[in-house]
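Close look at the chain arrangement
Given next are the chains, with one letter for each unit.
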Amino acid sequence: MNPSLRPSNPCFSSGPTRKRPGWALDNLALSLLGRSHRSTEGLEKIRQLTSLTREVLEIPETYHVALMAGSCTVAMEAAMWSLLGPKPIDFVTYDVFGQLWVHDGLKELKLQNTRIFEAPPGFLPDLSQVNSAHDVVLTWNGTTTGVCIPDGEWISSEREGLVICDATSALFSMPFPWEKMDAVSFSWQKGLGGEAAHGMLVLSPRAVQRLESYTPPWPMPRVFRLTQGEKFLGQIFEGMTINTPSLLCIEDALDALSWCQMQGGLPAFIERSKKNLKAVESWVSETPWIELLARDPLARSSSSICLYFPEDPEDWAIPKAIAETLDKEGVAFDILGHGGSLPSLRLWGGPLVETSDLKALFPWITWAYKRVK
Ligand SMILES: Cc1ncc(COP(=O)(O)O)c(C=O)c1O
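Residues numbered from 1 in each chain as written. Predicted model: local features only at pLDDT ≥ 70, side-chain atom pairs only at ≥ 80, totals over all residues.

1. Concerning the overall build of the chain
The condition is simple: Secondary structure counts use DSSP, requiring at least four H or I residues in a row for a helix and at least two E residues in a row for a strand, with both numbered from the N terminus. All radius of gyration figures rest on C-alpha atoms, and the globule criterion is 2.2 Å times the number of residues raised to 0.38. Remark: C-beta atoms are placed from the backbone, and a residue is labelled buried if 20 or more other C-beta atoms sit within 10 Å of its own, exposed if 12 or fewer do, or partly exposed between those counts. We call two residues in contact if the C-beta atoms placed from their backbones are at most 7 Å apart.
Per the secondary structure count, the chain includes eight helices and 14 strands. Here the C-alpha atoms of the chain give a radius of gyration of 21 Å, agreeing with the 21 Å that 2.2 N^0.38 yields for 373 residues. Expressed as lengths along the three principal axes of its C-alpha atoms, the size of the chain is roughly 70 × 50 × 30 Å. The burial tally for the chain puts 47% of its 373 residues in the buried class. Looking at the chain alone, contacts between residues at least 24 apart form 73% of all its contacts between residues at least 6 apart.

2. Describing the sheet that holds strand 8 (residues 183-187)
What counts is decided by this rule: Any two strands with at least two DSSP-identified bridges between them are counted as paired. Axis angles are defined between N-to-C directions and span 0 to 180 degrees, where every axis is a line fitted to C-alpha atoms and, for a helix, only to the segment in contact.
One open sheet accounts for seven strands, arranged 1-9-8-7-4-2-3; its pairing is mixed. Edge positions in the open sheet fall to strand 1 (64-68) and strand 3 (114-118), since each of these has one partner strand only. On average, each strand axis in the sheet is tilted by 15° relative to the strand beside it, whichever way the strands run. Note that strand 2 (residues 89-93) and strand 4 (residues 135-139) share four bridges and pair parallel. Within strand 4, the residue paired with Val92 across the bridge is Leu138. Its contacts with the sheet put helix 1 (residues 40-57) on strand 1 and strand 9 (199-203), and the angle it makes with strand 1 is roughly 125°. Lying over the sheet, helix 3 (residues 96-108) contacts strand 2, strand 3, strand 4 and strand 7 (163-166), oriented at roughly 155° with respect to strand 2.

3. Here's the deal with helix 1
As a reminder of what qualifies: Given the number of residues in a helix, its expected span is that number minus one, multiplied by 1.5 Å. In this description, one arc is meant: the one made by directions from the helix axis to the C-beta atoms.
In this model, helix 1 (18 residues) spans 26 Å end to end at C-alpha, consistent with the 26 Å of a helix rising 1.5 Å per residue. Those residues of helix 1 lying buried are Lys45, Ile46, Leu49, Thr53 and Leu57. When helix 1 is viewed along its axis, its buried side chains cluster within an angular range of 95° and face the same direction. Set apart from the buried face of helix 1 by more than 90 degrees, the exposed residues are Thr40, Glu41 and Glu44. Buried positions along helix 1 lie against strand 1, strand 9, helix 5 (247-262) and helix 6 (265-285).

4. What to know about the site of the ligand
Note the cut-off: Being near a molecule or strand means, for a residue, that its backbone-placed C-beta atom lies within 6 Å of it.
Close to the ligand lie Gly15, Ser71, Cys72, Thr73, Phe97, Thr139, Thr143, Asp166, Thr168, Ser169 and Ser187, which account for all nearby residues. Looking at the shell around the ligand, the element that brings in the most residues is helix 2 (residues 71-83), giving three residues.

5. Re the environment of Leu138
Structurally, Leu138 can be placed in strand 4. Classification of Leu138 by C-beta neighbours within 10 Å gives buried; the count is 24. Residues Leu138 and Ala167, spaced 29 residues apart in sequence, show a C-alpha to C-alpha distance of 8.7 Å. Filtering out sequence-adjacent residues up to four positions away, Leu138 remains in contact with Val92, Gly98 and Cys165.

6. A look at the domain arrangement of the chain
Size of an interface: often given as the accessible area lost when the parts come together. Cut-off, in case you're wondering: These domain boundaries are the output of an automatic or database domain assignment. Polarity classes work like this: nonpolar for Ala, Val, Leu, Ile, Met, Phe, Trp, Tyr, Cys and Pro, charged for Asp, Glu, Lys and Arg, and polar for all others, with Gly in that last group.
Once the domains are mapped, the chain shows domain 1 (35-261) and domain 2 (265-372). Residue-level contacts link 28 residues of domain 1 with 27 residues of domain 2. Of all the secondary structure elements, the ones that give two or more residues to the side of domain 1 that touches domain 2 are helix 1, strand 5 (141-142), strand 6 (147-148) and helix 5. The class makeup of the residues in the side of domain 1 that touches domain 2 is 14 nonpolar, 12 polar and two charged.

7. Regarding the pairing of strand 2
Our working definition: Call a crossover right-handed when, viewed with both strands pointing away from you, the route from the first strand across the helix to the second goes clockwise.
Most of strand 2 sits inside the fold, with five of its five residues counted as buried. Going residue by residue along strand 2, you find Ile89, Phe91 and Thr93 tucked away on one face and Asp90 and Val92 tucked away on the opposite face as well. In terms of strand pairing, strand 2 meets strand 3 through five bridges, oriented parallel. The residue of strand 3 that forms the bridge with Asp90 is Arg115. For the segment spanning strand 2, helix 3 and strand 3, crossover handedness is right-handed.

8. So, the packing of helix 2 against helix 3
Formally: Helix crossings fall into two classes, left-handed where the near helix is turned counterclockwise from the far one by less than a right angle and right-handed where it is turned clockwise.
In contact at an axis separation of 11 Å, helix 2 and helix 3 are set at 35° when each is read in the N-to-C sense. Considering only the axes of helix 2 and helix 3, their crossing is right-handed. Residues Met76, Glu77 and Met80 of helix 2 form the contact with helix 3, whose participating residues are Trp101, Asp104 and Gly105. Residues that form the contact of helix 2 with helix 3 fall into these classes: three nonpolar, one polar and two charged.

9. Observations concerning the nonpolar core
Spelled out, the test is: Note on terminology: a nonpolar core is any set of buried Ala, Val, Leu, Ile, Met, Phe, Trp, Tyr and Cys residues joined through C-beta atoms within 7 Å.
Of all hydrophobic cores here, the largest spans 105 residues; its most connected members are Ile164 and Leu201. With nine residues, helix 2 is the largest single contributor of residues to this core. Counting contributing residues, this core receives three or more from each of domain 1 (35-261) and domain 2 (265-372). Excluding anything up to four places from it in sequence, Leu201 contacts Ala66, Met68, Ala75, Ala78, Ala79, Ala183 and Ser185.

10. A short note on the pairing of strand 14 (residues 345-348)
Of the two faces of strand 14, the one holding Leu345 and Leu347 and the one holding Arg346 and Trp348 are both buried throughout. Of the strand pairs in this sheet, strand 13 (residues 304-308) and strand 14 are connected by four bridges, and their pairing is antiparallel. Within strand 14, the position partnered with Cys306 by the bridge is Arg346.

11. Here's the deal with the sheet that holds strand 14
The three strands are arranged 12-13-14 in an open sheet whose pairing can be described as antiparallel. Each end of this open sheet is capped by a strand with a single partner; those strands are strand 12 (291-292) and strand 14.

Set out below in structure tokens:
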């Protein structure tokens, strides 16, 4: 027998994630479509976006916030290409995206003097080994493993190196220590439920100092260029984007940020995500055939929640069959774990997911498991 209750929304994907409740295209202000992003009104719109982002995410006043092309990837690569080189670099990696940044550093930029702190899916590397005199490249939340960094205590406030962080699936769902960060990239289609397209890049004053004191030896694609000559190109961080952004996507991001504020802002969003993780943990604790991939409860992501099957940990057949069955039933879309991780299911538990929807989904996962096993 099918469970009687269905989630009110079957979207559990880890990006793009579900839209906010009540989202409709008609709610977006569309009057700027067809206008130039360099017009007074266009510029004002971009500045509204960066300032609301700063306000909602509680980004320090001294940090610079820019809208970039090419989503989180370009924002992160612009930071890596522009900042890395003069110091040794410690890479912290424990999921697919961390590995991609290592690839960029070692194979594309061919950086010398690197150390890699790596952990298999489900675990964090030993962060105490990271040297604060080095630059650090890391991912705050491993979207493909469900592991996240619990806090920034291990990063020195007196660090000499820069911390360059991909925070894409962390922000809006969990606390984030901005004051320990120097370059942060993220996109809108995770915790915020915004449209994918653009990335945000946030730089600390120390990152700006680096930009003005160091010129990388490699070619700099135009969409990565944060300096002109040896000067910081501050205008990018004042709404003068490098190239043309989508005003429609900006309106959508503004809609999502405003909704976040209406719910009580960042603390309320973090609380919603925490509640989702708790619901999953509670279900897992009473279900013997499924486990959380993140072994350490303190390093457990509340946004990308990964679950594996301890009786068949090497076998994709069970998670695949469950994900397909629930997709066909229209109960849960896109819950198969990432191919670069271990065989798993992945449930998005970010702030836009209702805990009641997760609770309605659990009996369906059990039902599908019993059918496929
Ligand atoms: C941790 C992390 N970093 C980077 C990316 C890539 O983001 P984008 O597609 O916005 O460039 C993703 C996408 O899932 C991600 O989860």
